[in-house]
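Given next are the chains, with one letter for each unit.
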Amino acid sequence: IERTKIGNAIKLSMLMPLRICIESTSCGFRLSAESRQVYLLQRLHSLLLRRAKGGHSEADVRAMDHEIRLLAGQVEEYQDLIDMLETKNIVRMRAKIRAKDIIG
């Protein structure tokens, strides 16, 4: 019964709730990551504007530069996470893993 149309339909009907759960969870994580990334970008922008105004001591400028670099790194990390949580990319990754399993 496994390799018949009925078997495939049963298998797909059993996996659908799992797929919906995974998509819902990844969507929730993605929305959270997107809102955090927006906050970080706003913070980065305000720091860049404050630094561009000038009139700061050398220690303040170094501290702002350090925070700007940290924020830029966090923005990139969140962008990678958002890209990874995109449902299309999850499907592509799964297809690549299957192809590697078949080939290798």
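Residues numbered from 1 in each chain as written. Predicted model: local features only at pLDDT ≥ 70, side-chain atom pairs only at ≥ 80, totals over all residues. Heavy atoms only, no water.

**Student:** Even after reading the chapter, I still don't get helix α2 (residues 58–85), so can you show me in this structure?
**Tutor:** Residues that lie three or four places apart on an α-helix share one face, since the helix turns once every 3.6 residues. A rise of 1.5 Å per residue sets the reference length of α2, with its 28 residues, at 40 Å; its end C-alpha atoms lie 41 Å apart and thus fit the reference within 8%. Val61, Met64, Ile68, Leu71, Val75, Ile82 and Leu85 are the residues of α2 that are buried. (Helix = DSSP H or I, 4+ residues; strand = E, 2+ residues; numbered from the N terminus. Expected span 1.5 Å × (residues − 1). Buried < 20%, exposed > 50% of the residue type's maximum accessible area, 1.4 Å probe, protein only.)

**Student:** Please clarify how a positive patch on the surface should be interpreted in this entry.
**Tutor:** On the surface, a cluster of positive charge is contributed by Lys88, Arg92, Lys96 and Lys100. Within the element layout of this structure, lysine 100 appears in helix α3 (residues 87–103). (Patch = residues over 30% accessible without salt bridge, like charges linked within 9 Å, V, L, I, M, F, W, Y side chains within 5 Å. Areas by Shrake-Rupley, 256 points an atom, 1.4 Å probe, with all protein chains shown as cover. Salt bridge = Lys/Arg side-chain N within 4 Å of Asp/Glu carboxyl O. Lys, Arg positive; Asp, Glu negative; His and termini not counted. Charge placed at Lys NZ, Arg CZ, Asp CG, Glu CD.)

**Student:** Would you mind showing me how to read the confidence of the model for the protein chain here?
**Tutor:** Reading fine detail from the predicted coordinates is not recommended where pLDDT is low. Looking at the protein chain as a whole, its pLDDT mean stands at 84, while 91% of the residues score no less than 70. Considering each helix and strand of the protein chain separately, the mean pLDDT is smallest for α3, with a value of 71, and largest for α2, with 93. (pLDDT = per-residue confidence, 0-100.)

**Student:** What am I meant to see in a nonpolar patch on the surface here?
**Tutor:** On the surface, Leu81, Met84, Met93 and Ile97 cluster together into a nonpolar patch covering about 340 Å² of accessible area. For the nonpolar patch, the elements supplying multiple residues, two or more each, are α2 and α3. With respect to the helices and strands, the residue methionine 84 is situated in helix α2. Given a relative accessible area of 44%, methionine 84 falls into the partly exposed group.

**Student:** What should I look at first to understand the nonpolar core in this one?
**Tutor:** Nonpolar side chains in soluble globular proteins generally cluster together in the buried interior. Of all hydrophobic cores here, the largest spans 7 residues; its members are Leu40, Leu44, Leu47, Met64, Ile68, Leu71 and Val75. When contributions to this core are tallied by element, the ones reaching two or more residues are α1 (5–53) and α2. Here the element with the most residues in this core is α2; it accounts for 4 residues. Aside from chain neighbours lying at most four places away, what touches leucine 47 is Met64, Glu67, Ile68 and Leu71. (Core = buried A, V, L, I, M, F, W, Y, C linked by side-chain atoms within 4.5 Å. Contact = heavy atoms within 4.5 Å.)

**Student:** Please explain the pattern of salt bridges as it appears in this structure.
**Tutor:** If the charged atoms of two oppositely charged side chains come close together, the side chains can form a pair. Going through the model one piece at a time under the given rule, you end up with 5 salt bridges. Note that arginine 30 and glutamate 86 form a salt bridge whose closest N and O atoms lie 4.0 Å from each other. Residue arginine 30 is found in helix α1, and its partner glutamate 86 is found in the loop between α2 and α3; the two are separated by 56 residues along the sequence. Using a relative accessible area of 15% as the deciding quantity, one classes arginine 30 as buried. In this structure, glutamate 58 and arginine 62 form a salt bridge, with 4.0 Å as the shortest nitrogen-oxygen distance. Of this pair, glutamate 58 and arginine 62 both sit in helix α2, 4 residues apart, which is roughly one turn of that helix. The network of salt bridges with shared partners includes Arg30, Glu34 and Glu86.

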